[in-house]
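Topology and contacts: notes
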Amino acid sequence: MEIMESGAADTQQKHEEKYQQQTEEKHFHVLAVDDSLIERKLLERLLKVSSYRVTFVDSGDKALEYLGLLNSIDNVKATSSSSSSSSSYQSPRQDQGMKVNLIITDYCMPGMSGYDLLKRVKGSYFKDVPVVIMSSENIPSRIGMCLDEGAEEFLLKPLQLSDMEKLQHHLLNSLEHSCERIDKSLNTDSNCIAVRNKSNSNHGSVSRVRRQMT
Amino acid sequence: MDLLSQLRGQIADFSAFLHREGFVDDQFTQLQKLRDESSPGFVVEVVSLFFEDCEKLVNNMAKALEQQIVDFKQVDSHVHQLKGSSSSIGAARIHNVCIAFKTCCEDQNRDGCVRCLQQVNHECIQLKNNLQTLFKLEQQIVAAGGSIPAMQ
């Protein structure tokens with residue numbers, strides 16, 4: 001976001017907007033999906049204690065709706081029952097302040113399961129957003145299936161504070177990869193492939209320098 | 001011994017009792033760790049929600065088991081919900097009954113289910129009373145000018 005030097009008041013406002021943006025960006029935004037109220041309460045506390053911003057939904061459908069993925073071609077049924085959007089195509093949610101940095105979802109939910117949600121997300125605009133699956137059941141084949149489908153992590157319930165540290169790890173990783181993509185696109189490199197497991201701490205600092213410069 | 005020390009001793013003994021008898025497990029301690037100045041009523045809130053939910057589920061399961069033809073799938077889904085929430089708050093005894101209850105549902109064993117439901121109900125009442133005692137002690141400590149001690 002560039003600062004236009006067209007007057008003191010203008011600059012002041014732009015400074016304030018930039019500060020607001022940076023404050024929002026300081027806290028990772030987690031989209032949490034669970035049909036159980038009690039689980040949501042626990043998760044809310046765990047995430048807030050860890051300084052994350054959280055948005056809660058109680059179903060996979062609502063998660064897709066939030067992300068703006070519900071009205072896609074292969075979901076005609078949802079389009080006709082959706083009351084909120086009037087347009088036939090909802091573009092993916094890209095508002096600056098509401099950017100989702102991580103999705104954490106329960107596996108076992110009525111309707112769309114966490115696994116189904118995972119598949120939808122990984123096949124969408126949000127495929128690089130880390131998805132974490134939670135389950136009360138320790139079933140190796142289930143865990144394998146989710147990890148194969150691209151889940152970053154599989155957490156066993158009940159969740160504890162120590163599980164939040166695992167989220168931090170995935171959030172920081174994903175931040176690193178998005179910096180790599182920004183770098184690549186700025187270098188007009190058309191092969192924007194996020195390289196997994198590539199550790200390069202310089203990219204984190206490059207993104208901070210860029211923000212300061214704008 | 002001053003009042004605060006007395007109360008602290010009481011609460012420590014009572015907590016130890018709750019853990020020893022398996023009413024609560026480590027997950028309950030984890031919940032208490034999440035309580036702080038910004039959210040002092042967190043444990044009370046979650047526990048209240050749990051008992052509300054418990055009551056609803058018990059009623060639904062009772063109705064389902066009274067039917068001529070029992071929908072065991074439905075009963076099982078209620079048990080699954082209760083199993084999950086009891087585990088999340090550390091209500092160990094209730095959680096254990098739910099494990100047995102699930103097996104009865106899978107076996108389509110109506111009598112077994114009815115017995116399990118009675119046990120669930122009994123455990124819910126016991127835990128509710130016990131936690132009310134615990135919360136009262138905590139309130140007394142705060143009233144006496146102390147802060148709620150961290151549980152073991």
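Residues numbered from 1 in each chain as written. Chains lettered and ligands numbered in written order. Predicted model: local features only at pLDDT ≥ 70, side-chain atom pairs only at ≥ 80, totals over all residues. Heavy atoms only, no water.

As annotated in an unreviewed UniProt entry, chain B carries the name Histidine-containing phosphotransfer protein and is attributed to Salix viminalis. UniProt lists a comment for chain B under the heading Function (unreviewed entry), and it reads "Functions as a two-component phosphorelay mediators between cytokinin sensor histidine kinases and response regulators (B-type ARRs). Plays an important role in propagating cytokinin signal transduction." (UniProt positions renumbered as here; feature names shortened; annotations may be inferred.)

The name given to chain A in an unreviewed UniProt entry is two-component response regulator ORR4, with Salix viminalis as the source organism.

**Overview of the state of the cysteines**
Applying the stated criterion across every chain yields a total of one disulfide over all chains. In this model Cys 54 of chain B forms its disulfide with Cys 124 of chain B; the gap between the sulfur atoms is 2.4 Å. Placement of Cys 54 of chain B in helix H3 (residues 42–66) and of Cys 124 of chain B in helix H6 (residues 110–143) is noted, with a sequence separation of 70 residues between them. For Cys 124 of chain B, a relative accessible area of 7% translates into the label buried. Lacking any disulfide linkage, Cys 146 of chain A is separated from the closest cysteine sulfur, that of Cys 108 of chain A, by 11 Å. (Disulfide = S-S within 2.5 Å. Helix = DSSP H or I, 4+ residues; strand = E, 2+ residues; numbered from the N terminus. Buried < 20%, exposed > 50% of the residue type's maximum accessible area, 1.4 Å probe, protein only.)

**Observations concerning the packing of helix H2 (residues 37–49) of chain A against helix H4 (residues 72–89) of chain B**
What describes two packed helices is the angle between their axes and the distance between those same axes. Relative orientation of the contacting elements H2 of chain A and H4 of chain B amounts to 25 degrees, with a least axis distance of 9 Å. Viewed along their axes, H2 of chain A and H4 of chain B adopt a mutual orientation that is roughly parallel. In the crossing of H2 of chain A with H4 of chain B, the sense of the turn from one axis to the other is left-handed. Taken together, the residues of H4 of chain B that come into contact with H2 of chain A (itself represented by Ile 38, Glu 39 and Leu 42 of chain A) are Gly 84, Ser 85, Ser 88 and Ile 89 of chain B. Its residues assigned to classes, the contact of H2 of chain A with H4 of chain B comprises three nonpolar, three polar and one charged. (Axes fitted to C-alpha atoms, helices over the stretch in contact; angles between N-to-C directions. Parallel < 35°, antiparallel > 145°, perpendicular 65-115°, else oblique. Left-handed = near helix turned anticlockwise from the far one by under 90°. Contact = heavy atoms within 4.5 Å. Nonpolar A, V, L, I, M, F, W, Y, C, P; charged D, E, K, R; others polar.)

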